[in-house]
Amino acid sequence: MTDTRTDIPTVVERTRPVAAGAPVVAAHFLDGTAVLVLGDEALLFVSPAGEARRVSVHDGAILSSAADGDRVVTGGDDGKVVATDGQGESAVLASDQKRRWIDHVALGPAGAIAWSAGKQAYARAGKGTEKALDLPSTAGGLAFAPKGVRLAVAHYNGVTLWFPNVQGEPETLTWKGSHLGASVSPDGRFVVSSMQEAMLHGWRLADRKDMRMSGYGARVRSLAWSVGGKWLATSGSTQLILWPFQGKDGPMGKTPRILAPMEQQVEVVACHPKQEVVAVGYADGLVLLVRIDDGAEVLARKGGGEPVTALAWSATGNMLAFGTEAGDAGVIDLG
C-alpha cells in the first residue's frame, strides 16, 4: 500500500518532469542548472527552462560525484577523475595508471579535491601537487573538513584523518567494523561514519569520544547536515531520523527526532541550504518536504513508483531536483 499524502499541502504541480533515460545516481546544481548524474557515462544538464542536454564524460559508468557550485567532479570505472563546468565542458583532473575504479570523490575548501582507488586515497589542494595515502583497506568514503585541507577517509575498522599538505603520520579514529561513508559536521567538531551494519558511528574531535547512533532498520546510505549543522538527517528507516548536534556533546545521551513516518523506506535525504527543511525521498518514489521545527509536511512528488535515488537543492533553495532508479526525474520550482 502506498500513502499518496492527499491530506497535506502540495507543490507537485510546480514540477518540470525530465526523462533521464537511465537510472539517476546523484543530483547537483550549477547555478540554476540541475545536473543529474546518470548510471552510465553521462551527465544530464537541465536548464531553468526545462531543456535537457546529455553530456558524456566517461568511457564507462560513473561511480561517484561531488559538486561545489562551479563544477561537478565525477569518478568513473575508466579510472578517470573528470571536472565538468556549467557549460558542459569537461577536463580530466587525474587518471589512474592502473585504470582502477574511482570509487569516491570529494571537494573541499579553496578548490581542494580528493579521490580514492582501491586501498589508496589521493588529494590535491587547489593548484598544488597530488598527494597519496595508503590505507589499510579499500576506502569507504571521503569528506573534507569545512576549513583547511583535512580529509576524513572511511575504511575498515575506522576513519583516518589526513592533512595532505603536512608531513607526518595521519591519525586514525578506531571503531571495529566496515565504515562505508564519512561526513564532517559544518563546524568541524564531529566526524560521523555510516557502517555496513544498520548504524552510524561518530567521534567528537575535541577528545575523540565515541558516539553510537543505532536503532535503524537498514544500512544508512544517505545523510545530510541541516543549515548551521544543528541536525544530522539520515535515511535507513521508514521515517526521517534527525540526530541533534546543537550542544557540545552532540547526540551523546540524547534520542533522535523522528518525523514523516511512512510504510516505505527512506532512501535519500537533502537539507535545504537556507531553512531547517529536509527533502525526503522514499522507496516508492514519494518525496516530502519536512520542516524540522514542527514536522510539517509538503508533498513534492507522489509515490507509487520506483525508489528515489537522488535529491539536490539549488544554492538559493528555490529549486529541488530529484531522480529515481527508473530514470524518472524532475526539477521542482519553489521560488
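Structure's up top.
Residues numbered from 1 in each chain as written. Predicted model: local features only at pLDDT ≥ 70, side-chain atom pairs only at ≥ 80, totals over all residues. Heavy atoms only, no water.

A.B. asks: When you look at the overall build of the protein in this model, what are you seeing that I'm missing?
C.D. replies: In terms of regular secondary structure, the protein is built from 0 helices and 30 strands. Against the compact-globule benchmark of 20 Å for 335 residues, the protein has a radius of gyration of 19 Å, which places it among compact chains. With the C-alpha coordinates aligned to their principal axes, the bounding extent of the protein is approximately 60 × 50 × 30 Å. Buried residues in the protein amount to 53% of all 335 residues. Taking the contacts inside the protein whose residues are at least 6 apart along the sequence as the reference set, 42% of them involve residues at least 24 apart. Accessible surface, the protein: about 14,300 Å² in total, of which carbon and sulfur atoms supply 48%. For the protein, the distance from the average site of its 32 positive side-chain charges to the average site of its 36 negative ones is 7 Å. (Helix = DSSP H or I, 4+ residues; strand = E, 2+ residues; numbered from the N terminus. Rg over C-alpha atoms; globule rule 2.2 N^0.38 Å. Buried < 20%, exposed > 50% of the residue type's maximum accessible area, 1.4 Å probe, protein only. Contact = heavy atoms within 4.5 Å. Areas by Shrake-Rupley, 256 points an atom, 1.4 Å probe, with all protein chains shown as cover. Lys, Arg positive; Asp, Glu negative; His and termini not counted. Charge placed at Lys NZ, Arg CZ, Asp CG, Glu CD.)

A.B. asks: Looking at this structure, I do not really get the side chain of His272. What am I missing?
C.D. replies: Locating His272 in the fold gives a position in the loop between β24 (266–271) and β25 (277–282). Taking relative accessible area as the criterion, His272 reaches 7% and is therefore assigned buried. A polar atom in the side chain of His272 sits 2.9 Å from the backbone nitrogen of Lys274. Other than its neighbours up to four places away in sequence, His272 contacts Val227, Val277, Trp313, Thr316 and Gly317. (Polar contact = N/O pair within 3.5 Å; in protein donor to acceptor, adjacent residues only side chain to side chain.)

A.B. asks: It is not clear to me how the pairing of strand β8 (residues 80–85) should be interpreted in this structure. Could you clarify?
C.D. replies: Where strand β7 (residues 71–76) lies against β8, 5 bridges are found, and the strand directions are antiparallel. The residue bridging Arg71 from the neighbouring strand is Asp85, located in β8. Hairpin connection from β7 to β8: 3 residues lie between these consecutive antiparallel strands, with Gly79 at a positive phi of about 80°. Summarising the sheet, β8 and strand β9 (residues 90–95) pair through 5 bridges and their orientation is antiparallel. Within the sheet, the bridge partner assigned to Lys80 lies in β9 and is Ser95. (Pairing = 2+ DSSP bridges.)

A.B. asks: How should I be thinking about the sheet that holds strand β28 (residues 308–313) in this particular structure?
C.D. replies: Across a sheet, strands are paired by hydrogen bonds formed along the backbone, either parallel or antiparallel in direction. Read from one edge to the other, the open sheet built from 4 strands follows the order β1-β30-β29-β28, with strand pairing classed as antiparallel. Looking along the sheet, the strands with just one partner apiece sit at the ends: β1 (15–19) and β28. Across this sheet, the average inter-strand angle for adjacent strands is 15°, counted without regard to direction. Sheet analysis places β1 next to strand β30 (residues 328–333), joined by 5 bridges and oriented antiparallel. By the bridge assignment, Val18 is partnered in β30 with Ala329. (Axes fitted to C-alpha atoms, helices over the stretch in contact; angles between N-to-C directions.)

A.B. asks: Honestly, the environment of Ala310 in this entry has me stumped. Any pointers?
C.D. replies: Position of Ala310 relative to the elements: it lies in strand β28. You can call Ala310 buried: its relative accessible area is 2%. Apart from the residues within four sequence positions on either side, Ala310 is in contact with Val24, Val25, Ala26, Ala27, Val268, Ala321, Phe322 and Gly323.

A.B. asks: For this particular structure, what's the right way to read unusual backbone geometry?
C.D. replies: What you tend to see is this: most non-glycine residues have negative phi, and most peptide bonds are trans. One non-glycine residue, Arg99, lies in positive phi territory at about 55°. Examined against the element boundaries, Arg99 turns out to sit in the loop between β9 and β10 (104–107). A positive phi angle is found at Ala260, which is not glycine, with a value near 50°. Mapped onto the elements, Ala260 comes out in the loop between β23 (257–259) and β24.

A.B. asks: How do you make sense of the pattern of salt bridges when you look at a structure like this?
C.D. replies: Opposite charge on two side chains allows them to pair when their charged atoms are near. One pass over the structure, following the stated rule, counts 12 salt bridges. For the salt bridge of Lys80 with Asp59, the shortest nitrogen-to-oxygen distance reads 3.7 Å. Pair noted here: Lys80 is in strand β8 and Asp59 is in the loop between β5 (52–56) and β6 (62–67), with a separation of 21 residues, a long-range link. Between Arg124 and Glu130 there is a salt bridge, and its shortest N-O distance comes to 3.5 Å. (Salt bridge = Lys/Arg side-chain N within 4 Å of Asp/Glu carboxyl O.)

A.B. asks: Can you help me understand the side chain of Asp78 in this one?
C.D. replies: Checked against the element boundaries, Asp78 lands in the loop between β7 and β8. One buried charged residue, Asp78, forms no salt bridge at all, with the nearest opposite charge on Lys80 at 4.9 Å. In terms of polar contacts, Asp78 uses its side chain to reach the side chain of His58, at 3.0 Å. At 3.1 Å, the side chain of Asp78 and the backbone nitrogen of Lys80 are in polar contact. Excluding residues within four positions of it along the chain, Asp78 makes contact with His58, Asp59 and Arg99.

A.B. asks: Teacher, can you tell me more about the sheet that holds strand β15 (residues 151–162) here?
C.D. replies: Ordered by their spatial adjacency, 6 strands build an open sheet running β14-β15-β16-β17-β18-β19, and the pairing between neighbours is antiparallel. On the outer flanks of this sheet lie β14 (141–144) and β19 (209–213), each paired with one strand and no other. In this sheet, adjacent strand axes meet at a mean angle of 45° when their direction is disregarded. Pairing between β14 and β15: 4 bridges, direction antiparallel. Considered in β15, the bridge of Gly141 is made with Ala154.

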